[in-house]
Structures are given as C-alpha cells and as structure tokens.
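Examining the three-dimensional arrangement
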Amino acid sequence: MTPRFDAGDRVLVLDLGKPGHIRTPFYIRGRAGVVLHRCGAFLNPEDLSIGNVGGPVVPLYRVGFPMVELWPDYRGSAADMLCIEIYDHWLAPAAPSAVAM
Amino acid sequence: MSAHDDHHLHDHDHHHDHEHDAHEPLVVEDEAGNIEGQILVDALQSLLVERGLIFPGEVRREIERIESPGVHLGAKLVARAWVDEAYRARLLADGKSAAAELGVGVGEAQLIVVANDAGTHNLVCCTLCSCYPRSILGQPPAWYISKAYRARAVREPRAVLAEFGLRVPDDVRLLVHDSNADMRYLVLPERPAGSEGMSEAELAELVTRDCMIGVAVAPAVA
Amino acid sequence: MTRGYHDIGGDPAGAVPIVELPWLHWEKQVEAIRNLLGDGTRRMMSLDELRRGFESFGEDKYKALSFYRRRLEAMIDILVEKEVFTREELEAAVAETRARWEPPAACPT
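Scope of this entry: the structure provided in the associated data block. Residue numbering note: each chain is counted from 1, following its sequence as written. Each chain takes a letter, starting from A, and each ligand takes a number, starting from 1, following the order in which they are written. It should be noted that, the model being predicted, local features are given only for residues of pLDDT at least 70 and side-chain atom pairs only at 80 or more, the latter also being counted only at that level, while totals for whole chains, interfaces and linings use all residues. For the side-chain quantities, the full set of heavy atoms in the structure was used; hydrogens and water were omitted.

**Details of the interface of chain B and chain C**
Here, residues are in contact when the closest pair of their heavy atoms is within 4.5 Å. Listed by partner, the interface residues are 66 residues for chain B and 56 residues for chain C. The term buried area refers to how much accessible surface (probe radius 1.4 Å) is lost by two components on association, counted for both of them together. Where chain B abuts chain C, roughly 5,800 Å² becomes buried across the two surfaces, and 67% of that area is made up of carbon and sulfur atoms. On the chain B side of the interface with chain C, the three residues burying the most area are Ile39, Leu40 and Leu44 of chain B, jointly 10% of the side's total. A side-chain nitrogen of Lys or Arg and a carboxyl oxygen of Asp or Glu constitute a salt bridge if their distance falls within 4 Å. Summed over the shared surface of chain B and chain C, the result is 6 salt bridges. Note that Glu89 of chain C is salt-bridged to Arg51 of chain B, the shortest N-O span being 3.3 Å.

Given below as structure tokens:
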C-alpha cells in the first residue's frame, strides 16, 4: 500500500470502533493534526495481536497535534505539541481549516 | 538504588485489592508476590523446556543479553553528536543507522532521535504500555511505567516535569512523544555550558538516562 | 467508542512516583522467555499478542498486578490459547515448583 499522506498533510484520526488490540489511543481519536514524518510500512498490530503475521503492511506516520486543541484546559505554551504514530487506516484527509497550526 | 528501601518494595501490609487506586500509580509485588512470580515463571519455563520449545540455558543467555544494554549506549550516541556536527545530522536523520556506526545495535524498528535546543524541549512517554528504547537504554525506570506518568505526560507535561524538578520556560516549545507503535524515541539533550574543553568520553559521563527521556537536562559543568 | 482499560493517556492521576526499583530475577526471566518465544526461529508470540493478553484479561486483574506479573499472566493465557499446554498442566508444574520452593514439613522431634 502506497502511503496516502506526506509530511505537512492535514489529517483526521478516525474512530474505527474496533474491538481488540489497537494502538490508536482514545485521547487522539477524532482529532485533527499534521503529518510530521513517514515512518515506513509495518505489519498491522491488530493482525499481529491475533497471530496473523501474513500482512499486509500498513504505512505508519508520526502526526503532531497542538496540545491546546487536545486539552481545553491545557497549561503551557500554544506551541506545545503531542507527537504520536498513527497507522494509515486510522487516518482521513482533513480540510486545511480543520487544524490551526 | 536506595529510594525504594523504606517504602513500596517490602511493604508486608500491602494488599493488592485495596492499595492500588487510592494513591495509585506504582503497583509492585510484595515479598509474597515476588515469590509467587518466581514460582510461576519457573513453572512456565520448566513446561516450555519439557516441550522442547526452549532449551536449557537459553533463558540464562537471553537474560545476559537483555541485561547488557544500558544508559552508556545512549550516552555514547549523544556524546558523539555533541562533538561531531555531521554525525549529529545523521543521528537525527536515521537513528538506527547512526547508532550502528558506533557499534550500537538498535533492536527496535527505528530509533527517532529528537533534539533539544534553546527553543525546544522533548519528552518521551508511552500511554498504552511502556514502550521504551530498551536496546539502548535498558529497562525503563519504575516511574516510566507508572500509571501516573503514562496518564499525565500527554496532558500536563509541564506539571509532570516540575515534579522532576525541571521547569520548562513558557517560551520554550514542548514536544511530547507518545511511543505508541513501532518507533522508539531518544532525546538528544543540549550540550551543557562549561563542557567546551571536555573529551567525548568525559561528555558521555554527563549524559544521564533522565536526560535522554526528557525529564531532565544535562546540567551546566562547574 | 472502544476504549481499553489500559488506554489511560490523559486520565487524571496522582503524583508520579519517582522511585528507582531493582529489576528482579523473575522479572528478567519473564522478559527473556517472552523474547525467546517471539524470536525469529520460534515466532510463537508477538509483542502485540502479549499486549492483547493483558488488555483482555480483565480490568481488576490489570490494576492489581505489577507490570511484569501482568506480562507473565498474559503470556500464560496466550500459550494456553495456542494449546501449547493446558491450564491443568501449568497447575501441575506450579505445584511441583512450589514443592521445591517451600521448606519441607518440620520433622517430628
């Protein structure tokens, strides 16, 4: 699978409502951020967790989110950022206006 | 290793069922729990050996292997980056390959090295479990895997850092890295003031584990 | 929305317990065995399978157990699930190990 996103792209983290082992924490779902970096492609932990090692691999990205947008009561600088890795299938393109960076 | 001596570890009155959520964070086994853990893992090992899945001696060798990485490996990378600009650039571009140049093997998929500078401070955590660059820093400290650190580092990082005695000025941008998937993170601290005349080996001595997690900075050299 | 009990990022919590604890032998053994089972030759258990183990064995258990004990219990659950051994076989091995551990009954004087 070719990576759909590149550094600088604005993305929205989906809530896929999947049961079982997932690596997209609750606090980041539904949030809009900016792709910082393509990490390469990796076996999906959701597959690995049930013993499926046959792939396919999934592109992984580091995505940045302004802290003040994650937490309304955030205390710190407006420039503070949370950086986290999100697999491709948990992301959708976000309208440029959805993220104020 | 003295901080634990008077509390937590050998608290005989500690009971699992009502200790944890009250003042929470660190669930450790009491002495009985440690003996249970030892019995259970010994039983598991004997079963696996009996089934021919693990050979006698393999566990001991694997323990030696996982005991050997430690802070000195990360410190070696940092010290080299402090004295060699080109190396620093390679380390920031591809941590795993740059570590390999110094003979440091990174077992994880990739090592992302994030640099502190006058305007940026980096902090590493793992909210979902305890992901940590084990192959270059060894096992994570107890507080890193505590509920409090895992829960709060992404929400009130400046308050967490203050508990470690580190105040990040408001005009310094704080980047918090939640190591939730395949990457592992190492903070490249700023080279401390006063270290100008020091050799690479002396510099490595200044690099602590906490600096490379981001809960501390390398203090100025007197 | 699905949110596991291990998924605690952003939750309120107390002060960080800034303590250093020794890494105990049995804890190293847990990590060593997990690494061996997941290595390139055995490929019996991935880290994500282990995580699924402790993310699904129940919140009370998760909260009550220490970090390495969680991993040990999850590893056993996954091996039982994979029919490497049965719970009864493990119990028998535990009983045998315990017998070696506990001091023998005092001799009548």
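**Looking at the packing of helix α3 (residues 58–67) of chain B against helix α1 (residues 25–37) of chain C**
Between N-to-C directions, angles span 0 to 180 degrees; the directions come from axes that are lines fitted to C-alpha atoms, helices contributing only their stretch in contact. Helix and strand labels come from DSSP, where a helix needs a run of H or I of at least four residues and a strand needs a run of E of at least two; each type is numbered from the N terminus. Interaxial distance between α3 of chain B and α1 of chain C falls to 9 Å at its minimum, and their mutual angle equals 105°. The pairing of α3 of chain B with α1 of chain C is recorded here as roughly perpendicular in orientation. On the side of α3 of chain B, the interface is formed by Glu58, Val59, Glu62, Ile63, Arg65, Ile66 and Glu67 of chain B, while α1 of chain C contributes His25, Lys28, Gln29, Glu31, Ala32, Ile33, Asn35 and Leu36 of chain C. Nonpolar residues are Ala, Val, Leu, Ile, Met, Phe, Trp, Tyr, Cys and Pro. Charged residues are Asp, Glu, Lys and Arg, and all others, Gly as well, are polar. Split into classes, the residues belonging to the contact of α3 of chain B with α1 of chain C amount to 6 nonpolar, 3 polar and 6 charged. Comment on the angle field: the value is read as roughly parallel under 35 degrees, roughly antiparallel over 145, roughly perpendicular from 65 to 115, and oblique elsewhere.

**Focus on the pairing of strand β2 (residues 120–125) of chain B**
Residues and elements named next belong to chain B. Taking burial as the measure, the 6 residues of β2 include 6 buried ones, the bulk of the element. For each residue, the accessible area found with a 1.4 Å probe, counting protein chains only, is set against the maximum for its type, and the residue is called buried under 20%, exposed over 50%, and partly exposed in between. The two faces of β2 match: Thr120, Asn122 and Val124 on one face and His121, Leu123 and Cys125 on the other face are all buried. Note on pairing: two strands pair once DSSP finds at least 2 bridges between them. The pairing of β2 with strand β3 (residues 173–178) spans 6 bridges and is classified as parallel. Across the sheet, Val124 pairs through a bridge with His177, a residue of β3.

**A few points about the pattern of salt bridges**
Between side chains of opposite charge, a pair can form as their charged atoms come close. All names here are of chain B. If you walk through the whole model with that rule in mind, you get 33 salt bridges over all chains. Between Arg152 and Glu163 there is a salt bridge, with its nearest N and O atoms 2.7 Å apart. With a gap of 11 residues between them, Arg152 in helix α8 (residues 147–152) and Glu163 in helix α9 (residues 157–163) connect regions that are remote in the sequence. Residue Glu163 is classed as partly exposed on the basis of its relative accessible area, which comes to 31%.

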